[in-house]
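Here's the letter readout for the chains.
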Amino acid sequence: MSVSDIIAIDAHAHDGTYDRGSPGLASQFMTASASEVVAPAARFQIGITIASPLQAILPRGKGDPVAGNDHAAQAALDHPGLLQYVVIDPRIPETYLQAERMLALPTCAGIKIHPEEHIYPVAEHGRAIFEFAARFGAVILSHTSEKNSLCADLVPFANDFPEVRLIMAHIGHGWDGDYGHQVRGIQASRHGNVFADTSSARSITPNLIEWAVREAGADRVLFGSDTPLYHCGVQRSRIDHADLSDADKRLILRDNALRVFGAKLA
Ligand SMILES: [Zn+2]
């Protein structure tokens, strides 16, 4: 069996309308319905896509997480192979109530937070989110590493709440051009509960994913495409063709996600 036959799990995807406040080609290219996300995923041997709704996080500061979460819950029910993240904005109590309900569903794999698009410092609001997630033993996927969402600010919460599994998005991405935020975050974690995903345009940088695996361990890296913002076939192929062992690729593409999300993917 070749690596490209491994049925992958995409731990970081979206669906919905890409809205940066002005119409145009970007919005046309990066908008995709749930069906338009799941169909190409299947072509690239991605069996499960875990998505959060773009409506919940865009446009910056004006997303509608409550409506987005309701949409995502229905989309996950309607599309085999699609699971949702429930989006929490810690300043909107209704999103906690939704998360409480939705985390009980087999189609809701975890919590997504986006301190940048929602415009709040995670250093200030993270503790409440992690306290909540710990009650459910939930996975949190967080956007990183701009100034509101530094891995260095997120990891102390993961260290305080070992019941929570934290996935730091976008290996190689950083507001300051530093490729190392996510890897250093994993290295600063103390309970084996901190991971990072490959869902960034940065991932096409030569040697980056290979370096992350050497530094942080193949068991800490999850495949994520950030589709429909990026081409999911290209993202998949970056891992298929990485300079890594087949065993490491299998961990990244599939087995780590099975471990991190546990019963949700059973
Ligand atoms: Zn994303």
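Residues numbered from 1 in each chain as written. Predicted model: local features only at pLDDT ≥ 70, side-chain atom pairs only at ≥ 80, totals over all residues.

Enquirer: Help me understand the overall build of the protein chain, please; the structure alone is not making it clear to me.
Expert: Each helix and strand in the protein chain was counted, giving ten helices and eight strands. Its C-alpha radius of gyration of 17 Å places the protein chain within 12% of the 18 Å reference for a compact globule of 266 residues. Projected onto its principal axes, the C-alpha positions of the protein chain cover 45 × 40 × 35 Å. Going through the 266 residues of the protein chain one by one, you find that 52% of them count as buried. Taking contacts inside the protein chain between residues at least 6 apart in sequence as the whole, the part at least 24 apart equals 76%. (Helix = DSSP H or I, 4+ residues; strand = E, 2+ residues; numbered from the N terminus. Rg over C-alpha atoms; globule rule 2.2 N^0.38 Å. Buried ≥ 20, exposed ≤ 12 C-beta atoms within 10 Å, placed from the backbone. Contact = placed C-beta atoms within 7 Å.)

Enquirer: What am I meant to see in the packing of helix H3 (residues 65-78) against helix H4 (residues 93-102) here?
Expert: Each pair of packed helices gets described by two things: the angle between the helix axes and the distance between those axes. For the pair H3 and H4, interaxial distance at closest approach is 9 Å and the crossing angle is 15°. Considering the angle they form, H3 stands roughly parallel to H4. In this structure, H3 crosses over H4, and the sense of that crossing is left-handed. When H3 is examined against H4, the residues Pro65, Val66, Asn69 and Ala73 are found in contact with a partner set consisting of Glu94, Thr95, Gln98 and Met102. Classifying every residue of the contact of H3 with H4 gives four nonpolar, three polar and one charged. (Axes fitted to C-alpha atoms, helices over the stretch in contact; angles between N-to-C directions. Parallel < 35°, antiparallel > 145°, perpendicular 65-115°, else oblique. Left-handed = near helix turned anticlockwise from the far one by under 90°. Nonpolar A, V, L, I, M, F, W, Y, C, P; charged D, E, K, R; others polar.)

Enquirer: Teacher, can you tell me more about helix H6 (residues 151-160) here?
Expert: For H6, every residue scored as buried is listed here: Cys151, Asp153, Leu154, Val155, Phe157 and Ala158. In this fold, the buried residues of H6 make contact with helix H5 (122-136), strand S5 (139-142), strand S6 (165-168), helix H7 (181-187) and strand S7 (194-197).

Enquirer: Explanation requested: the nonpolar core in the structure shown.
Expert: Across soluble globular proteins, nonpolar side chains show a tendency to be buried alongside one another. Ranked by size, the top nonpolar core spans 78 residues in total, and within it Ile111, Ile140 and Ile167 carry the most contacts. Top contributing element to this core by residue count: helix H10 (residues 246-261), with six residues. Beyond its immediate chain neighbours, meaning those up to four positions away, Ile140 contacts Gly110, Ile111, Ile113, Ile129, Ala133, Val164 and Leu166. (Core = buried A, V, L, I, M, F, W, Y, C linked by C-beta atoms within 7 Å.)

Enquirer: Looking at this structure, how should I read the sheet that holds strand S3 (residues 82-87)?
Expert: Consider a sheet: its strands pair through backbone hydrogen bonds, and that pairing is either parallel or antiparallel. Pairing in this open sheet of eight strands is parallel, and the strands run S1-S2-S3-S4-S5-S6-S7-S8 from one edge to the other. Either end of the sheet is taken by a strand with one partner, and the two such strands are strand S1 (8-15) and strand S8 (221-222). Bridge count between S1 and strand S2 (residues 46-53): six bridges; the pairing is parallel. Within the sheet, the bridge partner assigned to His14 lies in S2 and is Ser52. Sheet contacts for H6: S5, S6 and S7; angle to S6, the most-contacted strand, approximately 170°. (Pairing = 2+ DSSP bridges.)

Enquirer: How do you make sense of the environment of Ser189 when you look at a structure like this?
Expert: The residue Ser189 is located in the loop between H7 and S7 in this model. Exposure remark for Ser189: the 22 C-beta atoms within 10 Å place this residue in the buried category. Along the sequence, Ser189 and Ser203 sit 14 residues apart, while their C-alpha atoms lie 22 Å from each other. Setting aside residues up to four positions removed in sequence, Ser189 forms contacts with Val155, Ala158, Asn159 and Val194.

Enquirer: Quick question: what am I supposed to make of unusual backbone geometry here?
Expert: Excluding glycine, a negative phi dihedral is what most residues carry, and trans is how most peptide bonds are arranged. The amide bond that connects Leu58 to the next residue, Pro59, takes the cis arrangement and shows omega of -10°. Mapping Pro59 onto the fold places it in the loop between S2 and H3. The residue after Thr227, namely Pro228, is reached through a cis peptide bond having omega 5°. Position of Pro228 among the secondary structure elements: in the loop between S8 and helix H9 (232-240). Although it is not a glycine, Asp226 sits at a positive phi angle of roughly 60°. Following the sequence through the fold, Asp226 ends up in the loop between S8 and H9.

Enquirer: Help me out: how do you make sense of the pairing of S5 in this one?
Expert: Note on strand geometry: in a regular strand, side chains alternate between the two faces of the sheet. Alternating residues of S5 divide into Val139 and Leu141 and Ile140 and Ser142, and every residue in both groups is buried. Pairing of strand S4 (residues 108-113) with S5 involves three bridges; the strand directions are parallel. Paired with Ile113 across the bridge in S5 is Ser142. For the handedness criterion, the β-α-β arrangement of S4, H5 and S5 is classed as right-handed. Bridge count between S5 and S6: four bridges; the pairing is parallel. Bridge pairing in S6 links Val139 to Arg165. In terms of handedness, the path from S5 via H6 over to S6 forms a crossover that is right-handed. (Right-handed = clockwise from strand over helix to strand, strands pointing away.)

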